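Listed here are the chains, written in short residue letters.
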Amino acid sequence: MKQAIILAAGEGWRLRPFTVSRPKVMLPVAGKPILQYMVEALAQNGIRNIVMVVGYKQEQIFDYMGSGEQLGVDITYVAQKKRLGTAHALAQAREVAQDEFLVLSGDKLIDATTITRFVTVKPESVLVKRVESPERFGVATIEDGVVKGIAEQPKEAGSNTVITRIYAFSREVFDYIETELAISGVLNKMIARGKPLHACETDGPWLEAVYPWDVLSLNSVVIPKARAEMGGVVEKGVSLKGQVSVGRDTVIRANSSVVGPVVIGDGCDIGPNACILPATSIGDNVIISPFSEIRNSVIGNDVAIGTGCAIQDSVVGNGCAIGGHFTALSGEAEVKVNDVYHSVKLGAMLGEGCSIGSGVVAQPGVILGNYSEVQALKLIRGRLPDKSLVF
Amino acid sequence: MCGIVGYIGYRQAQPILFNSLLRLEYRGYDSCGIAVSADGVTVYKDAGKVGELEKKAPRLKGAAGIGHTRWATHGEPNQVNAHPHCDCSGRVAVVHNGIIGNYRLLKKQLIAEGHRFISETDSEVIPHLIEKYYQGDLEEAVAAALKDVEGCYAIIALADGDPNLVVAKKGNPLIIGIGDRENFVASDVTAVLDDTNRVVYLEDGDLGVVSAAGIKIMRDGREVAWEEKKILWSVEDAHRAGYEHFMLKEIHEQPRVIRDTLIGWLSSGESSGESLVDLTKMQGDARPLTILACGTSYHAALVGRYIIEDVLGIPVRVELASEVNYYERLLVGAAAIALTQSGETADTLRAMKRLKAAGCLLLAITNVVDSSVTRIADNIVYTRAGPEIGVAATKSFIVQLIVLYSLAILSYKVDAGRLTDLVMELRRLPEKLQRLLSGKDRIKEYAGYLSGYENVFFIGRGINFPVALEGALKLKEISYIHAEGYAAGELKHGSFALLGENTPVVAILARDNTYGAMLSNIKEVKARKAPVIALAEEGDDTVSEFADMVISVPEVDALFSPVVNVVALQLLAYYTALERGCSIDTPRNLAKSVTVE
């Protein structure tokens, strides 16, 4: 297998506000977008010819991935103009597909081990994995290594083996797409017409972000594996413990304490007397002012955090400016997404470009929409839409 | 990033090499060179773009050769450091893309063994290593040399009397193009597509032997079968990374290049080693600081004037370099800033020489390392926009602004509170631009509207007056629509006669002391029935009562409004030109840098 087609056109609306300006595959985890982990996994397995089917906010992918050179791969982009489904997305790559290729759904977080065995299988094959709650996925019925049927998000799963949305196909697959919109429909058609569909099981990582707070759990899985690199300046009296990665031109000022696993990007200005605790990832060009403590959180690029803030189990979007003494402590919260309540332990989810005045308190589980403005000393809670004004 | 190429076959190598290098200019263009082998290896290399070298290069005879185009980020792009590099005897020539991690050690060993090094590059160790191991077989020598090397590379080696090119790849891209009785090697497919669409992609660790008759690929010491790929897409598609034009790609790169430019300085002094010049010390006396520039850079300079005067209270005079050259009495101050993207603008260079002769202290701001301006100036600040391919300047302009902001703000030492606010605003600019870019659909729609007209006015006041000039220039450059940039208050001194239903006016607003006056200007324009497209901050409800169409840009401190406004106007010009079917990346009659007066 020499070629991979990555489906990266989706929006991921349940992840809003984090997907308003970027596609789901570009969600950052430990300083890199999910998509990059997939591309790196492919490159490590010797697959360097990569086709990306893009659509929603595709420029974000172009800007970050470029021609793939930085990652040692060749990327060809194919546009899916209307987002009608995964099979429709795959059909867009018909012109550039080789005789045999992998197809991967780009919104899954994997590493090289997930697909090591799979890159050598013969088409048509499906990578499957055992999971704890199969009801969310496509559940596969397998006999003697051959898939006999796939049930999408069944009420009662007959097995706990699900399809990972990673496939090995030959060009024949295009003949089965016809009017099917989803790949699982195509697979069922293959099975119905007697085309053998082999199952190959993986025990490597395979994770997905479905809701905004999943960014935190993905981050905490990946961050311990991040390479520890020291690119910046660490002033006297700073305590660095555990695995800490510091980007170029970043300054960590006197008496700060950083306890890994922590990833800090380029050009940040941290401290003096700041406290960064596990498992936190911080983007590029971020200011963290004195006496602030950040724990188990994901901070985006171009963020400024004022003095004396306490931020736990939180996600802060790109370009937020947060005044002094902002508090986002973690707690049990009932968070509503798409009319369904989820019970999670969470701090605050802040969208991009928000301005938050000093002394604001965020209740556990608050989701603040992009480009919102919160005046000083306010309490925010619940779900606030994009461009909210709290005063 | 650098680009490398190779040719071996029956034709003269030189024109083929230069043509391929031209295709790789997106990888860098500050110095380049070729080596051709016939009776002995001849090398021709120098600082400068591929096109310039192609013109002045002597005809080197030979049907086998290698070439290189370079983009220096560290070290000077000069003749000595340009590739190809040779061994002591001049019989082996090598082009290299990548970084040799252990070159200091290797160089020391090789010098101890009697090898002579000429350049400061890491790459030069490779030809010397090959010389060391050469015993009549280039392939064996290259294989042995690479065993000593740590780092990443794509290389092509050529040796006098050897019938092959030997290539190797680890970490950097390299492909072989298959021709008929001839073969090609290059950093990427675009370089060979004029001659062949049959290519072989090399894998990391591969060593290839390429002759006119065929190719052989060795992996882990064994010959492996290679797989030929047919390339179906055209050259044009390749390096725009998904975008339809380089210009759009470069517009979208702006948040990142701003971040890259800021990162070096804001946290620093301490970390990056490169520090900005203190403008307050540079000025020296009570006379104004002069900024010299041409074209788009002149507009950046005009914005710079507002920035420096506002932040630092230093008087600034902005001069078109082409005019300064004809002032009979040169009444400039003690210090001047020269603003040139390419660093080669002939008018600016000449003006700088005149100023220097008059005893003026010169600071150059340029995007090209070691370009001509840097040899004249006393101080140099580099913008970090990377190579810009689209002829219409976009990211290089924005980065010029960012450097001017940084220079002014980091020279400011009066009020720590204000300094913090300004730095914070500066740091948030990348995200603001990203937001503008992701909401560009509205701009596309208005561009469709604008494309139907032949005359457009751009008006602005204060710090956004130069933005009006730049917006008009961008539209003229790529869409060929006649556009005029005006200070809004000047419209009534004559140009009103030209306004009517068929002359749309683009009005640029900012929330500063000009806002009220701009609204009155829009009213005046509307009274002449001219359609008005207003550029205004998000959440500005007032302007929509006056203007026909409103382009909303993210809210920023008025001092920084040119950054978001210019990007909105770049997009407006781009989509207007696209709608009119213009050749956006290479507009008619224009060249990237003007090196004649």
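Everything here concerns the structure above.
These figures come from a predicted structure and were not determined experimentally. (Residues numbered from 1 in each chain as written. Chains lettered and ligands numbered in written order. Predicted model: local features only at pLDDT ≥ 70, side-chain atom pairs only at ≥ 80, totals over all residues. Heavy atoms only, no water.)

Let us now look at the sheet that holds strand 7 (residues 151–159) of chain B. Residues and elements named next belong to chain B. Within the open sheet, the seven strands sit side by side as 5-6-7-8-12-13-14. Their pairing is antiparallel. With one partner strand each, in any of the chains shown, strand 5 (85–86) and strand 14 (222–224) form the two edges of the open sheet. Judged from the four bridges that link them, strand 8 (residues 165–170) and strand 12 (residues 207–210) form a sheet pairing that is antiparallel. By the bridge assignment, Val 167 is partnered in strand 12 with Gly 208. Packed on one face of the sheet, helix 5 (residues 138–148) meets strand 7, strand 8, strand 12 and strand 13 (215–219) and runs near 155 degrees to strand 7. (Pairing = 2+ DSSP bridges. Helix = DSSP H or I, 4+ residues; strand = E, 2+ residues; numbered from the N terminus. Contact = heavy atoms within 4.5 Å. Axes fitted to C-alpha atoms, helices over the stretch in contact; angles between N-to-C directions.)

Attention now goes to the interface of chain A and chain B. Listed by partner, the interface residues are 44 residues for chain A and 35 residues for chain B. Here chain A meets chain B over a buried area of about 3,200 Å², counting both sides, of which 47% is carbon and sulfur. Among the residues of chain A in contact with chain B, Asp 63, Glu 69 and Asp 249 of chain A are the three that bury the most area, contributing 18% of the side total. Our count for the chain A to chain B interface comes out at five salt bridges. Note that Arg 259 of chain B and Asp 302 of chain A form a salt bridge whose closest N and O atoms lie 2.8 Å from each other. Scanning the region where chain A abuts chain B turns up nine residue pairs in polar contact (both at pLDDT 80 or more). The dominant element in the side of chain A that touches chain B, judged by the number of residues it contributes, is helix 2 (residues 58–65) of chain A, at four residues. Partitioning the side of chain A that touches chain B into residue classes produces 12 nonpolar, 14 polar and 18 charged. (Buried area = accessible area lost by both parts, 1.4 Å probe. Salt bridge = Lys/Arg side-chain N within 4 Å of Asp/Glu carboxyl O. Polar contact = N/O pair within 3.5 Å; in protein donor to acceptor, adjacent residues only side chain to side chain. Nonpolar A, V, L, I, M, F, W, Y, C, P; charged D, E, K, R; others polar.)

Residue and element names in this part refer to chain B. Of the pairings in the sheet, the one linking strand 2 (residues 31–38) to strand 3 (residues 40–47) comprises eight bridges and is antiparallel in character. Looking across to strand 3, one finds that Ile 34 is bridged to Tyr 44. Here strand 2 folds back onto strand 3 in antiparallel fashion, the turn holding one residue.

Turning next to the environment of Ser 358 of chain A. All names here are of chain A. Along the chain, Ser 358 falls in the loop between strand 34 (355–356) and strand 35 (361–362). You can call Ser 358 partly exposed: its relative accessible area is 37%. When the C-alpha atoms of Ser 358 and Thr 327 are compared, they prove to be 9.5 Å apart, with 31 residues separating the residues in sequence. Excluding its chain neighbours within four sequence positions, the residues that come into contact with Ser 358 are Gly 323, Gly 324, Ala 376 and Leu 377. (Buried < 20%, exposed > 50% of the residue type's maximum accessible area, 1.4 Å probe, protein only.)

All names here are of chain B. At their nearest, the axes of helix 3 (residues 103–112) and helix 4 (residues 125–133) sit 10 Å apart, and the two run at 45 degrees to each other. Classed by the angle they form, the pair helix 3 and helix 4 counts as oblique. For helix 3 against helix 4, the interelement crossing comes out left-handed. Between helix 3 and helix 4, the residues in contact are Tyr 103, Leu 106, Lys 107 and Leu 110 and Val 125, His 128, Leu 129 and Lys 132, respectively. (Parallel < 35°, antiparallel > 145°, perpendicular 65-115°, else oblique. Left-handed = near helix turned anticlockwise from the far one by under 90°.)

Residue and element names in this part refer to chain B. Taken as a whole and judged by the stated rule, the model has zero disulfides over all chains. Here Cys 2 is not cross-linked by a disulfide; its sulfur's nearest cysteine counterpart is in Cys 152, at 11 Å. Between Cys 360, a free cysteine, and Cys 294, which holds the nearest cysteine sulfur, the sulfur-to-sulfur gap is 16 Å. Under the relative-accessibility criterion, Cys 360 is labelled buried at 5%. (Disulfide = S-S within 2.5 Å.)

A general tendency of soluble globular proteins is for nonpolar side chains to be buried together. Ranked by internal contacts, the top residues of the largest apolar core, which has 130 residues, are Ile 6, Leu 42, Met 52 and Ile 61 of chain A together with Ile 308 and Tyr 405 of chain B. The element best represented in this core is helix 19 (residues 561–579) of chain B, accounting for 12 residues. Leaving out residues up to four positions away in the same chain, Ile 61 of chain A has contacts with Ala 8, Pro 23, Val 25, Met 26, Leu 35, Met 52, Val 54, Gly 66 and Tyr 77 of chain A. Counting 37 residues, the second-largest nonpolar core is a separate cluster that includes Val 258, Ile 264, Leu 350 and Ile 356 of chain A. (Core = buried A, V, L, I, M, F, W, Y, C linked by side-chain atoms within 4.5 Å.)

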